[in-house]
Amino acid sequence: MNLMKIKDSLEYFINSIYFHIFIAVLTLFGNLFSCEIAVLCISFAFVFIGLCICEDMRFILSPILFINFTISTKSLNNGLFLKNGFIVWAIVMVAVLIGFIIFHFIKYKKSFKPVLKSKFFMGYMALFSIYLLNGLFNSFYTVGSFLFVLVMIAMFSIPFFVFGAGIKPSKELKEHFILIMLLTSAIVIIELFNLIVFGDVISNGAFIKERIALGWSTWNGIGAILAVCLPIHFYMAITKEHGYIFFITAIISYVSIALTLSRGSLLVATFISLVCVIIGCIKGKNVKLFRICTLTAIVCATILLIALWDKISTVLSDYLERGFDDNGRFELYKVGIKAFLDHPIFGAGFANIYSYGPITPEFFAISTPIMCHNTIIQILASCGIVGICGYFFHRYQTIRFAFKYRSSLFVIFSALCISALLLTSLLDVHFFITYHILYYSTIICIVEKYISSNNI
C-alpha cells in the first residue's frame with residue numbers, strides 16, 4: 001500500500017508544473033556550481049521513472065529542453081565533455097533513455113498516427129531529405145559531416161516524432177509549455193546576471209563581448225534563445241489577469257538581451273517587441289492596462305536614457321563602436337554564394353564548403369562546417385536549388401498553418417517565437433544549432449497539439 005502511495009505521489013509530481021520548476025532549479029544548480037553530471041543523473045532518474053508510470057510524456061519537455069543550459073564554462077574549459085569517461089557515460093545514458101522510451105511506447109500502446117497525420121509531416125520529410133542529399137555527386141564527403149547532418153535531423157525529430165506520438169493533446173499542455181518557456185528565460189537570465197556579477201565581464205565600466213559566455217553558448221546564442229522566449233512574456237501580459245507582472249518580465253528579458261551585446265538578437269527582439277506591443281494595445285483581455293504599461297515604459301525608458309546616458313553608453317559601448325559593421329559576415333556570404341554557384345543543384349555539401357575557407361574543429365568527430373551566418377545562403381551553399389526548394393516547402397507549411405489559425409493569440413505569439421529564431425538566423429547560425437532546433441521543433445509540435453485539442 002505504501003508503495004502505491006509513493007507511485008501515486010511520484011506520478012502526480014512528475015505530471016505537475018512543479019516538476020518543470022524542479023528541473024529548472026536543478027539546471028541552474030548544475031550550471032552555477034559546475035556539477036552537471038550529478039544534476040543530469042538526477043534528471044535522467046526522474047525521466048526514467050516518469051516513462052514507467054506516466055502515460056502522458058509531457059513531463060519530458062523540460063528535461064530535454066533544459067539539458068543544454070546545464071553546461072558551465074568551468075566544466076567546458078576543463079575539458080570534461082571530451083573525457084572518455086564522460087563520453088561513455090553519455091552514450092550509456094542516451095542508450096538507456098532510448099530503451100525506456102521504447103518501453104513507454106510499448107506499455108502505453110503509443111501510436112505514430114498523429115505524427116503521420118501532422119500538417120507538417122511532408123515539410124519535415126522534405127527538410128530531412130535535402131539535408132541527407134547535401135552535396136550529392138560531389139567527391140568530397142566525410143563521416144564527420146554526415147554525423148553533423150544526422151544530429152540536426154535528430155534535433156528536429158525528437159520533438160516531432162517522440163513528443164508528437166508520446167504527448168497527448170490536453171488543456172494543460174499549453175500551460176505547461178508556457179511555463180517552460182518562461183522558465184527558459186529565467187534560467188538564462190539568472191545565469192547571465194551571475195556571470196555579470198561574479199565573472200570577469202566588465203572592464204573599465206564596459207562589457208567585454210568576448211567574455212560573455214555561459215559554457216553552453218556565447219553572446220549570440222544567449223541573446224537568440226531569450227529572443228525566442230520573449231513573445232511568451234507578452235502573451236501572458238496580454239491574456240492574464242495580472243498581466244502587468246509579465247509586462248515587467250518582458251522588459252527584464254529585453255534588457256537582458258541588450259546586455260548580451262548580440263546586435264542581431266537585440267535588433268530582432270526590438271522588432272518582435274514592437275509587434276507584440278501593437279497586438280497588446282488592440283487585442284486581448286488587458287488592452288487598457290497594456291496601453292498604460294506601454295506608455296509608462298516608454299516614458300521611464302526615455303528618462304533613464306537621458307539621465308544615465310553616460311553610464312549606459314559606457315556599459316554598452318560595444319554597440320556604439322561596432323555599429324552596423326558586418327563583422328566578417330559579408331565575406332562568409334561570398335563564400336556561400338561561390339559554393340552555390342559552383343554546385344547549384346545539390347550544393348557543395350556541408351563538408352565541401354571546407355574548400356572555400358578554413359576548416360573548423362571537430363567536436364566528438366562531428367565536423368562543424370563553415371557557417372555562412374544566414375540560413376538561406378547556408379542551405380543554397382550546402383544543398384543547392386533542391387535544398388532551398390525543400391526548405392521553402394517546409395516554411396510554406398508553417399506559414400500556412402499560422403495564417404489558418406491566426407484568430408488564436410497563442411498561435412500568433414508562438415509564431416512570433418519561431419519568427420524570432422528565423423530572423424536571428426538570417427544573421428547567425430542558430431537554425432543549425434542543436435538547442436535552437438529543439439525549441440523550434442517543440443514549438444511547432446505543441447501548437448499543433450493545442451489546435452487539435454480544440455482549445456482555441
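Note that the structure is predicted; figures quoted are calculated from it, not measured.

S.K.: Please explain unusual backbone geometry as it appears in this structure.
M.R.: Backbone geometry follows two general trends: most residues other than glycine have a negative phi, and most peptide bonds adopt the trans configuration. For N204, which is not a glycine, the phi torsion comes out positive at approximately 55°. With respect to the helices, strands and loops of the structure, N204 is situated in the loop between β1 (202–203) and β2 (206–207). Phi is positive for L261, which is not a glycine, with a value near 65°. By secondary structure assignment, the location of L261 is in the loop between α12 (243–259) and α13 (263–282).

S.K.: I tried to follow the layout of surface pockets on my own but got confused; where do I start?
M.R.: A probe matching the size of a water molecule, rolled over the atoms, marks out where space remains unfilled. Reported here for the second largest pocket is a volume of approximately 1,200 Å³. Lining the second largest pocket are 30 residues, with I251, Y254, V255, A301 and L305 positioned closest to its centre. Breaking the lining of the second largest pocket down by element, the ones donating at least two residues are α12, α13, α14 (287–307), α15 (309–315) and α16 (317–322). Ranked by the residues each element gives to the lining of the second largest pocket, the list is headed by α14, at 9 residues. Among the residues forming the lining of the second largest pocket, the class breakdown is 25 nonpolar, 5 polar and no charged.

S.K.: Would you mind going over the packing of α12 against α13 with me for this structure?
M.R.: Between two packed helices, both the angle of their axes relative to each other and the distance between the axes serve to describe the pair. As a packed pair, α12 and α13 sit with axes 9 Å apart at the nearest point and diverge in direction by 160°. When the interaxial angle is binned, α12 and α13 end up roughly antiparallel. As α12 packs across α13, the resulting crossing turns out to be left-handed. Contacts between α12 and α13 involve Y254, I257 and A258 from the former and S265, L266, A269, T270 and S273 from the latter. Looking at the contact of α12 with α13, its residues break down into 5 nonpolar, 3 polar and no charged.

S.K.: Just to check I follow, could you spell out the environment of N78 for this structure?
M.R.: Secondary-structure assignment places N78 in the loop between α5 (73–77) and α6 (84–107). With 370 residues separating them along the chain, N78 and E448 place their C-alpha atoms 42 Å apart.

S.K.: Help me understand a nonpolar patch on the surface, please; the structure alone is not making it clear to me.
M.R.: On the surface, a nonpolar cluster with roughly 530 Å² of combined accessible area is contributed by L133, L136, F137, I345, I385 and V386. Here I385 is to be found in helix α18 (residues 375–404).

S.K.: Any chance you could explain the side chain of S217 here in plain terms?
M.R.: By the secondary structure assignment, S217 is in the loop between β2 and α11 (219–239). One polar contact links S217 to Y435, side chain to side chain, over a distance of 2.9 Å. In this structure S217 touches I222 and Y435, once residues within four positions along its chain are discounted.

So, how was this worked out
- Residues numbered from 1 in each chain as written.
- Predicted model: local features only at pLDDT ≥ 70, side-chain atom pairs only at ≥ 80, totals over all residues.
- Heavy atoms only, no water.
- Helix = DSSP H or I, 4+ residues; strand = E, 2+ residues; numbered from the N terminus.
- 1 Å grid on protein atoms, 1.4 Å probe; cavity = no way out; pocket = protein on both sides within 12 Å on 5 of 7 lines; lining within 4 Å.
- Points joined across faces, edges and corners; volume = space filled by probe spheres on them.
- Nonpolar A, V, L, I, M, F, W, Y, C, P; charged D, E, K, R; others polar.
- Axes fitted to C-alpha atoms, helices over the stretch in contact; angles between N-to-C directions.
- Parallel < 35°, antiparallel > 145°, perpendicular 65-115°, else oblique.
- Left-handed = near helix turned anticlockwise from the far one by under 90°.
- Contact = heavy atoms within 4.5 Å.
- Patch = residues over 30% accessible without salt bridge, like charges linked within 9 Å, V, L, I, M, F, W, Y side chains within 5 Å.
- Areas by Shrake-Rupley, 256 points an atom, 1.4 Å probe, with all protein chains shown as cover.
- Salt bridge = Lys/Arg side-chain N within 4 Å of Asp/Glu carboxyl O.
- Polar contact = N/O pair within 3.5 Å; in protein donor to acceptor, adjacent residues only side chain to side chain.

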